[in-house]
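# Summary of the model geometry
Below are the chains, spelled out letter by letter.
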Amino acid sequence: MNEAFQDTPSPTEQLAQLAAKRRWGWSLLATGWLHLLAFSLCYYLTIVQEYHDAPAYLAIWIAELCGMWLIFRICGGRRSTLTPALTIEFFIRRVWIAYFVLAFNLGSLNTLRGHIMFEFFPAMASLASFAFIIMSLTVSGRFFGAVLVMFASGLLMAAFLTHAYLIFALAWWLVLNGIGIVLLVNPVRDPAAGISTP
(Lines give C-alpha, C1' and ligand atoms only; values in the text may rest on other atoms or scores of the structure.)
Protein backbone atom coordinates (compact mmCIF):
# COMPACT_ATOMS: atom_id res chain seq x y z
CA MET A 1 0.00 0.00 0.00
CA ASN A 2 2.75 2.44 1.00
CA GLU A 3 4.84 1.47 -2.03
CA ALA A 4 1.92 2.11 -4.38
CA PHE A 5 1.39 5.50 -2.75
CA GLN A 6 5.08 6.37 -3.08
CA ASP A 7 5.12 5.34 -6.76
CA THR A 8 2.27 7.74 -7.56
CA PRO A 9 3.84 10.94 -8.91
CA SER A 10 2.88 14.24 -7.33
CA PRO A 11 0.86 16.77 -9.37
CA THR A 12 4.07 18.75 -9.98
CA GLU A 13 5.87 15.63 -11.24
CA GLN A 14 2.91 14.78 -13.47
CA LEU A 15 3.06 18.31 -14.90
CA ALA A 16 6.80 17.92 -15.55
CA GLN A 17 6.16 14.64 -17.36
CA LEU A 18 3.46 16.30 -19.44
CA ALA A 19 5.80 19.20 -20.27
CA ALA A 20 8.42 16.72 -21.49
CA LYS A 21 5.92 14.69 -23.47
CA ARG A 22 4.39 17.77 -25.11
CA ARG A 23 7.85 19.31 -25.72
CA TRP A 24 7.06 22.51 -23.87
CA GLY A 25 10.78 23.29 -23.67
CA TRP A 26 11.02 23.79 -27.42
CA SER A 27 7.67 25.59 -27.46
CA LEU A 28 8.82 28.10 -24.85
CA LEU A 29 12.11 28.72 -26.64
CA ALA A 30 10.28 29.46 -29.90
CA THR A 31 7.69 31.59 -28.09
CA GLY A 32 10.48 33.62 -26.49
CA TRP A 33 11.90 34.50 -29.90
CA LEU A 34 8.43 35.23 -31.28
CA HIS A 35 7.74 37.58 -28.39
CA LEU A 36 11.08 39.32 -28.92
CA LEU A 37 10.21 39.83 -32.59
CA ALA A 38 6.67 41.07 -31.89
CA PHE A 39 7.61 43.59 -29.22
CA SER A 40 10.69 44.72 -31.12
CA LEU A 41 8.26 45.63 -33.89
CA CYS A 42 6.19 47.55 -31.32
CA TYR A 43 9.38 49.31 -30.23
CA TYR A 44 10.15 50.19 -33.85
CA LEU A 45 6.68 51.69 -34.28
CA THR A 46 7.08 53.72 -31.09
CA ILE A 47 10.63 55.02 -31.54
CA VAL A 48 11.24 55.15 -35.29
CA GLN A 49 7.76 55.72 -36.68
CA GLU A 50 6.47 57.62 -33.64
CA TYR A 51 3.22 55.72 -34.04
CA HIS A 52 1.08 55.47 -30.89
CA ASP A 53 -2.40 54.46 -32.10
CA ALA A 54 -3.82 51.31 -30.53
CA PRO A 55 -4.97 49.31 -33.62
CA ALA A 56 -1.50 48.38 -34.93
CA TYR A 57 -0.25 47.29 -31.50
CA LEU A 58 -3.43 45.29 -30.90
CA ALA A 59 -2.99 43.57 -34.26
CA ILE A 60 0.61 42.63 -33.37
CA TRP A 61 -0.44 41.22 -29.98
CA ILE A 62 -3.28 39.17 -31.47
CA ALA A 63 -0.92 37.87 -34.17
CA GLU A 64 1.56 36.91 -31.44
CA LEU A 65 -1.12 34.99 -29.50
CA CYS A 66 -2.07 33.11 -32.66
CA GLY A 67 1.61 32.40 -33.27
CA MET A 68 2.00 31.05 -29.74
CA TRP A 69 -0.93 28.68 -30.24
CA LEU A 70 0.59 27.50 -33.53
CA ILE A 71 4.01 26.93 -31.93
CA PHE A 72 2.58 24.78 -29.14
CA ARG A 73 0.48 22.84 -31.65
CA ILE A 74 3.46 22.19 -33.96
CA CYS A 75 5.86 21.24 -31.15
CA GLY A 76 3.41 19.19 -29.11
CA GLY A 77 1.06 17.96 -31.81
CA ARG A 78 -2.66 17.47 -31.36
CA ARG A 79 -3.52 16.43 -27.84
CA SER A 80 -5.18 13.04 -27.46
CA THR A 81 -8.78 13.22 -26.28
CA LEU A 82 -8.07 10.09 -24.23
CA THR A 83 -5.57 11.98 -22.06
CA PRO A 84 -7.41 13.91 -19.32
CA ALA A 85 -6.05 17.31 -18.37
CA LEU A 86 -4.33 17.49 -14.99
CA THR A 87 -5.86 19.56 -12.19
CA ILE A 88 -2.68 21.61 -11.83
CA GLU A 89 -2.63 22.11 -15.61
CA PHE A 90 -6.16 23.56 -15.47
CA PHE A 91 -5.06 25.84 -12.64
CA ILE A 92 -2.01 27.13 -14.55
CA ARG A 93 -4.12 27.75 -17.64
CA ARG A 94 -6.51 29.86 -15.59
CA VAL A 95 -3.65 31.87 -14.07
CA TRP A 96 -2.31 32.82 -17.50
CA ILE A 97 -5.73 33.38 -19.04
CA ALA A 98 -6.37 35.82 -16.19
CA TYR A 99 -3.03 37.49 -16.96
CA PHE A 100 -3.94 38.00 -20.63
CA VAL A 101 -7.42 39.28 -19.80
CA LEU A 102 -6.02 41.81 -17.32
CA ALA A 103 -3.23 42.79 -19.73
CA PHE A 104 -5.76 43.60 -22.46
CA ASN A 105 -7.81 45.45 -19.85
CA LEU A 106 -4.80 47.66 -19.11
CA GLY A 107 -4.61 48.54 -22.78
CA SER A 108 -8.30 49.45 -22.77
CA LEU A 109 -7.91 51.61 -19.68
CA ASN A 110 -4.95 53.39 -21.26
CA THR A 111 -6.99 54.16 -24.39
CA LEU A 112 -10.03 55.32 -22.41
CA ARG A 113 -7.85 57.68 -20.39
CA GLY A 114 -6.60 59.22 -23.62
CA HIS A 115 -2.90 58.61 -23.05
CA ILE A 116 -0.86 58.95 -26.24
CA MET A 117 1.70 56.41 -25.06
CA PHE A 118 1.00 53.20 -23.18
CA GLU A 119 1.37 54.77 -19.74
CA PHE A 120 -0.02 51.70 -17.96
CA PHE A 121 2.39 49.33 -19.70
CA PRO A 122 4.75 48.87 -16.69
CA ALA A 123 1.82 47.41 -14.74
CA MET A 124 1.77 44.54 -17.24
CA ALA A 125 5.17 43.45 -15.93
CA SER A 126 3.75 43.55 -12.39
CA LEU A 127 0.89 41.29 -13.51
CA ALA A 128 3.40 38.85 -14.98
CA SER A 129 5.42 39.00 -11.77
CA PHE A 130 2.30 38.14 -9.75
CA ALA A 131 1.48 35.23 -12.09
CA PHE A 132 4.99 33.86 -11.58
CA ILE A 133 4.61 34.24 -7.81
CA ILE A 134 1.58 31.94 -8.08
CA MET A 135 3.67 29.55 -10.20
CA SER A 136 6.50 29.58 -7.66
CA LEU A 137 4.07 28.75 -4.83
CA THR A 138 2.13 26.02 -6.64
CA VAL A 139 4.58 24.45 -9.10
CA SER A 140 8.24 25.14 -8.32
CA GLY A 141 10.22 27.66 -6.31
CA ARG A 142 12.52 28.06 -9.31
CA PHE A 143 9.90 30.30 -10.93
CA PHE A 144 10.86 32.96 -8.38
CA GLY A 145 13.74 33.90 -10.68
CA ALA A 146 11.13 34.92 -13.26
CA VAL A 147 9.37 36.96 -10.55
CA LEU A 148 12.53 39.00 -10.01
CA VAL A 149 13.13 39.51 -13.73
CA MET A 150 9.60 40.77 -14.36
CA PHE A 151 9.64 42.91 -11.19
CA ALA A 152 12.88 44.59 -12.30
CA SER A 153 11.60 45.03 -15.86
CA GLY A 154 8.49 46.82 -14.56
CA LEU A 155 10.66 49.32 -12.69
CA LEU A 156 12.84 49.88 -15.75
CA MET A 157 9.78 50.29 -17.98
CA ALA A 158 8.39 52.97 -15.66
CA ALA A 159 11.74 54.77 -15.55
CA PHE A 160 12.33 54.59 -19.32
CA LEU A 161 8.80 54.53 -20.76
CA THR A 162 9.85 55.23 -24.35
CA HIS A 163 11.93 52.04 -24.27
CA ALA A 164 9.30 49.98 -22.42
CA TYR A 165 8.53 47.70 -25.37
CA LEU A 166 12.18 46.73 -25.76
CA ILE A 167 12.63 46.15 -22.02
CA PHE A 168 9.46 44.02 -21.88
CA ALA A 169 10.56 42.06 -24.96
CA LEU A 170 13.99 41.28 -23.49
CA ALA A 171 12.56 40.37 -20.06
CA TRP A 172 10.10 37.85 -21.50
CA TRP A 173 12.76 36.54 -23.90
CA LEU A 174 15.04 35.88 -20.92
CA VAL A 175 12.30 34.24 -18.85
CA LEU A 176 10.86 32.04 -21.60
CA ASN A 177 14.27 30.91 -22.84
CA GLY A 178 15.40 30.24 -19.28
CA ILE A 179 12.37 28.05 -18.53
CA GLY A 180 12.65 26.34 -21.91
CA ILE A 181 16.34 25.52 -21.43
CA VAL A 182 15.67 24.14 -17.94
CA LEU A 183 12.98 21.85 -19.35
CA LEU A 184 15.32 20.66 -22.10
CA VAL A 185 18.46 20.03 -20.03
CA ASN A 186 16.63 18.31 -17.15
CA PRO A 187 14.93 15.29 -18.71
CA VAL A 188 11.99 13.81 -16.82
CA ARG A 189 11.74 10.07 -16.28
CA ASP A 190 8.50 8.65 -17.61
CA PRO A 191 7.54 5.87 -15.18
CA ALA A 192 5.25 4.21 -17.75
CA ALA A 193 8.02 3.84 -20.32
CA GLY A 194 10.93 3.53 -17.91
CA ILE A 195 13.01 5.98 -19.93
CA SER A 196 14.01 9.59 -19.70
CA THR A 197 12.09 11.99 -21.94
CA PRO A 198 14.09 15.00 -23.20
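Residues numbered from 1 in each chain as written. Predicted model: local features only at pLDDT ≥ 70, side-chain atom pairs only at ≥ 80, totals over all residues. Heavy atoms only, no water.

Here we come to unusual backbone geometry. Residues other than glycine seldom take positive phi values, yet Arg 23 does so here, at roughly 55°. With respect to the helices and strands, the residue Arg 23 is situated in the loop between α2 (11–21) and α3 (24–47). We classify Arg 23 as partly exposed; its relative accessible area is 43%. Of note, Glu 50 is a non-glycine position whose phi angle comes to about 50°, a positive value. When you line up the elements, Glu 50 lands in the loop between α3 and α4 (54–76). (Helix = DSSP H or I, 4+ residues; strand = E, 2+ residues; numbered from the N terminus. Buried < 20%, exposed > 50% of the residue type's maximum accessible area, 1.4 Å probe, protein only.)

Right, let's talk about the nonpolar core for a bit. In terms of nonpolar packing, the biggest core is built from 44 residues, with Trp 96, Phe 121, Phe 132, Met 150, Tyr 165, Phe 168 and Trp 172 touching the most fellow members. At the level of elements, α2, α3, α4, α5 (87–112), α6 (121–138), α7 (144–159) and α8 (164–185) are the ones that each hand at least two residues to this core. The element that contributes the greatest number of residues to this core is α8, accounting for ten residues. Leaving out residues up to four positions away in the same chain, Tyr 165 has contacts with Phe 39, Cys 42, Tyr 43, Thr 46, Tyr 57, Trp 61, Phe 118 and Phe 121. (Core = buried A, V, L, I, M, F, W, Y, C linked by side-chain atoms within 4.5 Å. Contact = heavy atoms within 4.5 Å.)

This paragraph deals with the pattern of salt bridges. Under the defined criterion, the tally for this structure stands at one salt bridge. Between Arg 93 and Glu 89 there is a salt bridge whose closest N-O contact spans 3.1 Å. With Arg 93 and Glu 89 both in helix α5, this residue pair falls four residues apart, about one helical turn. Using a relative accessible area of 38% as the deciding quantity, one classes Arg 93 as partly exposed. (Salt bridge = Lys/Arg side-chain N within 4 Å of Asp/Glu carboxyl O.)

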